[in-house]
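# Examining the three-dimensional arrangement
One letter stands for each residue in the lines below.
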Amino acid sequence: MKLTDEEKAMLNGDYGVGVQRSMDLLVRWGELFDADKLIKVNHVHMTCNLPIGCLLELSENTACVRTTATLHAVFDPRYWREAFAIVLKKMGGYARTDEKEFENRMDHFKKLGFLPTFTCAPYAIGFLPRPGDVLCLTGSSGQIISNSFFGARAGRESVSTSFAAAITGRTPLMGVVKKENRFAEVLVKIGADLDPVSFTEADYGALGYSIGSAVGGKNVAVEGLPKDISFEHERMLVSPLPVSGSSVLCHIIGVTPEAGTLEEALGGKKPQVMEVHQKDITEAYRKLTNAKGNEVDMVTFGCPHLGIKEVGNLASLVEGKKVNPNVFA
């Protein structure tokens, strides 16, 4: 891998042992995927479940992160114990619920300059990426939304490589971070038996889940959606793609900055073509539903976190009403 003089100094330990370890991790990771160089990162957004030992090793002797860095939604064990009297047993590994260990991690993140945003939708609270910005995000929804709506460049990330990117301000130039790897490989057409104008957010979520199952990790272009499709519906469409599959880029023709036209999305390449029909959406609902009756025990909203319009819609539905005492919400 070809490194700049500053990156060589990081790797040699001139900026401290934590930066050296982080740079070594990124170089080895990039070489594994044939990246020939590193690129500067504009924004890191990561989950908080990096074990404290790894957190300390990768940031030893480091005073501050080298880029904008924010934190993902997190399970705070103290809050759940105090607010709801819920205490989970410590499961080890990444699933840690020890209060002291959690507080130590949060304190260290904040000392390094991570902003405690605690959201899986940083774009919804003011962190709007620009076309071409390089992002390291550990939330799959944030990855595909940044690529598909804003034209930013965000690949699939691990917690450790995202943290290393925050410490060094660099990430390998590979995958969809490279412009030539961002063209659509699969063209999805909306079947004649579907009317997306009448779709609910749940219908769009089922549609996205079905598409993700079919395309795997390939870049997608979707043709046939309403021209006035809302942001909320678009978000529900693309967020399931990296859940049922592993795609991180969905070109919505006329919306994605790189896909003003279908030709722009394809970049002169001939894509695999598939159609989606009502049976595909019905099958997605079937896969995602395992309830045996109509009783409701718990209601959760979000993932990705609700936007202000969605919060307003929910508030209007429950205004003047009480939640059923048998339901945890």
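This one's a predicted model, so the numbers in the text were calculated from it and none came from an experiment.

## Some remarks on the nonpolar core
One broad rule of soluble globular proteins: the nonpolar side chains tend to lie buried together. Core analysis: the biggest nonpolar cluster contains 31 residues, and Val44, Met46, Val65, Phe109, Phe114 and Phe163 have the highest contact counts within it. Among the elements of the structure, α2 (17-32), β1 (38-40), β2 (43-46), α3 (52-58), β3 (68-71), α5 (99-112), β4 (134-137) and α7 (159-168) are those that each provide at least two residues to this core. Beyond its immediate stretch of four places on either side in the chain, Phe114 contacts Met46, Val65, Ala69, Thr70, Leu71, Phe109, Phe163 and Ala166. Counting residues in each nonpolar core, the second largest holds 30 residues, with Ala206, Tyr209, Val222 and Leu225 among its members.

## A word on the pattern of salt bridges
Oppositely charged side chains are able to pair whenever their charged atoms sit close together. Overall, the coordinates contain 17 salt bridges when judged by the stated rule. Between Asp24 and Arg28 there is a salt bridge whose closest N-O contact spans 2.9 Å. Linking Asp24 with Arg28, this pair stays in helix α2, spanning four residues, or about one helical turn. Residue Asp24 is classed as partly exposed on the basis of its relative accessible area of 31%. Notably, a salt bridge pairs Arg81 with Glu82, separated by 3.9 Å at the nearest N-O pair. Classification of Arg81 as partly exposed rests on a relative accessible area of 33%.

## A word on the sheet that holds strand β10 (residues 272-276)
Read across the sheet, four strands follow the order β9-β8-β7-β10 without closing on themselves; strand pairing throughout is parallel. One side of each edge strand has no neighbouring strand; the edge strands of this open sheet are β9 (250-252) and β10. Averaged over all pairs of adjacent strands, the angle between their axes in this sheet comes to 25°, without regard to strand direction. One ladder, built from four bridges, connects strand β7 (residues 186-190) with strand β8 (residues 220-223); its direction is parallel. Across the sheet, residue Lys189 finds its bridge partner in β8, namely Glu223.

## Some thoughts on the packing of helix α8 (residues 201-215) against helix α9 (residues 231-238)
Close contact between α8 and α9 brings their axes to 6 Å; oriented N to C, the two are set at 30°. With respect to α9, the element α8 is oriented roughly parallel. Seen along the crossing, α8 lies across α9 with a hand that is right-handed. Residues Glu201, Tyr204, Gly205, Leu207, Gly208 and Ile211 of α8 pack against Glu232, His233, Met236 and Leu237 of α9. Looking at side-chain class alone, the contact of α8 with α9 contains five nonpolar, three polar and two charged residues.

## Overview of the pairing of β3
Direction of pairing for β2 relative to β3: parallel, over a ladder of four bridges. Pairing of Val44 across the sheet is with Ala69, part of β3.

## Regarding the packing of aromatic side chains
Tallied over the full model, the rule gives seven aromatic pairs. Centre to centre, the rings of Phe149 and Phe231 are 5.3 Å apart; their planes meet at 65°, and the pair counts as edge-to-face. Taken as a pair, Phe149 in helix α6 (residues 140-150) and Phe231 in helix α9 lie far apart in primary sequence, 82 residues in all. A relative accessible area of 10% means that Phe149 is categorised as buried. Three or more aromatic residues joined by ring pairs make a cluster, and in this case those are Tyr123, Phe149, Phe150 and Phe231. Here the basic side chain of Arg66 rests over the ring of Tyr15, its NZ or CZ set 4.8 Å away from the ring centre.

## Some words on the packing of α8 against helix α12 (residues 278-288)
At a minimum axis distance of 8 Å, the contact between α8 and α12 shows a crossing angle of 95°. Classed by the angle they form, the pair α8 and α12 counts as roughly perpendicular. In this structure, α8 uses Ala202, Asp203, Ala206, Leu207, Tyr209 and Ser210 to contact α12, whose residues at the interface are Asp280, Ile281, Ala284, Tyr285, Lys287 and Leu288. Residue composition of the contact of α8 with α12, grouped by class: eight nonpolar, one polar and three charged.

Rules and cut-offs
Residues numbered from 1 in each chain as written. Predicted model: local features only at pLDDT ≥ 70, side-chain atom pairs only at ≥ 80, totals over all residues. Heavy atoms only, no water. Core = buried A, V, L, I, M, F, W, Y, C linked by side-chain atoms within 4.5 Å. Buried < 20%, exposed > 50% of the residue type's maximum accessible area, 1.4 Å probe, protein only. Helix = DSSP H or I, 4+ residues; strand = E, 2+ residues; numbered from the N terminus. Contact = heavy atoms within 4.5 Å. Salt bridge = Lys/Arg side-chain N within 4 Å of Asp/Glu carboxyl O. Pairing = 2+ DSSP bridges. Axes fitted to C-alpha atoms, helices over the stretch in contact; angles between N-to-C directions. Parallel < 35°, antiparallel > 145°, perpendicular 65-115°, else oblique. Left-handed = near helix turned anticlockwise from the far one by under 90°. Nonpolar A, V, L, I, M, F, W, Y, C, P; charged D, E, K, R; others polar. Phe/Tyr/Trp six-rings, centres within 6.5 Å; stacked < 30°, edge-to-face > 60°. Lys NZ or Arg CZ within 6 Å of the ring centre and 35° of its normal.

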